[in-house]
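Overview (structure and organization)
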Amino acid sequence: MNKKLTFLVILSILILINLNFGQRPPFKAPFNPDSLQIAHKNILQNTGYETQKLKWNLKNTIGTSLILSCGILAYFLDDKADENYSRYLKTGDLQKMDKFYKNTKKYDRYKGLSYIGI
């Protein structure tokens, strides 16, 4: 159980780090060894790129965070449902069996809803 959680945390950190460093458009400078002139002066005056990059990163970071949180929630709800079901199978008291079975159904329903969020 702890290995799965550790894997999810490391994966989410790597994804968020990747999104925060934004993708820059490729720049191919013309190869002209005889000239020291600036070939693309408009690149030096690129005013809107930083704000565009920030908006893109914010949208993707929020989306990725939402997906990861739904995935982690589904993992914990699945674990909770499995725990209740194993208790349901082990107990001999009818009232406790009914309680554990209802809890299992409830957590499985919530797990299904969190999978929709993924």
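These lines cover the structure that appears in this document, whether it is placed above or below. Quantities reported herein were computed from a predicted structural model and do not represent experimental measurements. (Residues numbered from 1 in each chain as written. Predicted model: local features only at pLDDT ≥ 70, side-chain atom pairs only at ≥ 80, totals over all residues. Heavy atoms only, no water.)

1. Things to note about the overall build of the protein
Each helix and strand counted, the protein has 4 helices and 0 strands in total. What you see in the protein, going N to C, is helices and strands ordered as α-α-α-α. Across the 118 residues in the protein, those meeting the buried criterion constitute 19%. Within the protein, residue pairs in contact and separated by at least 24 positions form 71% of the contacts whose partners lie at least 6 positions apart. With an accessible surface of roughly 9800 Å², the protein has 61% of that area assigned to carbon and sulfur atoms. (Helix = DSSP H or I, 4+ residues; strand = E, 2+ residues; numbered from the N terminus. Buried < 20%, exposed > 50% of the residue type's maximum accessible area, 1.4 Å probe, protein only. Contact = heavy atoms within 4.5 Å. Areas by Shrake-Rupley, 256 points an atom, 1.4 Å probe, with all protein chains shown as cover.)

2. Some details on a nonpolar patch on the surface
A contiguous nonpolar surface patch, about 290 Å² in accessible area, is contributed by Ile 67, Tyr 115 and Ile 118. Relative to the elements of secondary structure, Ile 67 occurs in helix α3 (residues 49-90). (Patch = residues over 30% accessible without salt bridge, like charges linked within 9 Å, V, L, I, M, F, W, Y side chains within 5 Å. Salt bridge = Lys/Arg side-chain N within 4 Å of Asp/Glu carboxyl O.)

3. Quick word on the environment of Leu 73
With respect to the helices and strands, Leu 73 occurs in helix α3. For the pair Leu 73 and Tyr 115, spaced 42 residues apart in sequence, the C-alpha separation works out to 8.9 Å.

4. Here we look at the packing of aromatic side chains
Per the stated rule, a full pass over the model turns up 3 aromatic pairs. Each ring, one from Tyr 88 and one from Tyr 101, has its centre 5.4 Å from the other, and the planes form 45 degrees; the classification is tilted. Placement of the pair is Tyr 88 in helix α3 and Tyr 101 in helix α4 (residues 94-117), with a sequence separation of 13 residues. Its relative accessible area of 21% is what places Tyr 88 among the partly exposed residues. One aromatic cluster is present, formed by Tyr 85, Tyr 88 and Tyr 101 through successive ring pairs. Over the ring of Tyr 107 we find Lys 106; its NZ or CZ atom is 5.1 Å from the centre of that ring. (Phe/Tyr/Trp six-rings, centres within 6.5 Å; stacked < 30°, edge-to-face > 60°. Lys NZ or Arg CZ within 6 Å of the ring centre and 35° of its normal.)

5. So, the pattern of salt bridges
Counted by the stated rule, this structure contains 4 salt bridges. Ionic pairing is found between Asp 108 and Lys 111, a salt bridge with its closest N-O pair at 3.5 Å. Taken together, the residues Asp 108 and Lys 111, both in helix α4 and 3 residues apart, mark about one turn of the helix. Overall, Asp 108 belongs to the partly exposed group, its relative accessible area being 33%. Through salt bridges with shared partners, a single network forms among Asp 78, Asp 108 and Lys 111.

6. Focus: the side chain of Lys 111
A residue is classified by how much of its surface remains accessible, and Lys 111, at 16% relative accessible area, is buried. Setting aside residues up to four positions removed in sequence, Lys 111 forms contacts with Ala 74, Leu 77 and Asp 78.

7. Here we look at the environment of Ile 67
The partly exposed category is assigned to Ile 67, whose relative accessible area is 40%. C-alpha separation for the pair Ile 67 and Ser 114, spaced 47 residues apart in sequence, amounts to 9.3 Å. Beyond its immediate stretch of four places on either side in the chain, Ile 67 contacts Gly 117 and Ile 118.

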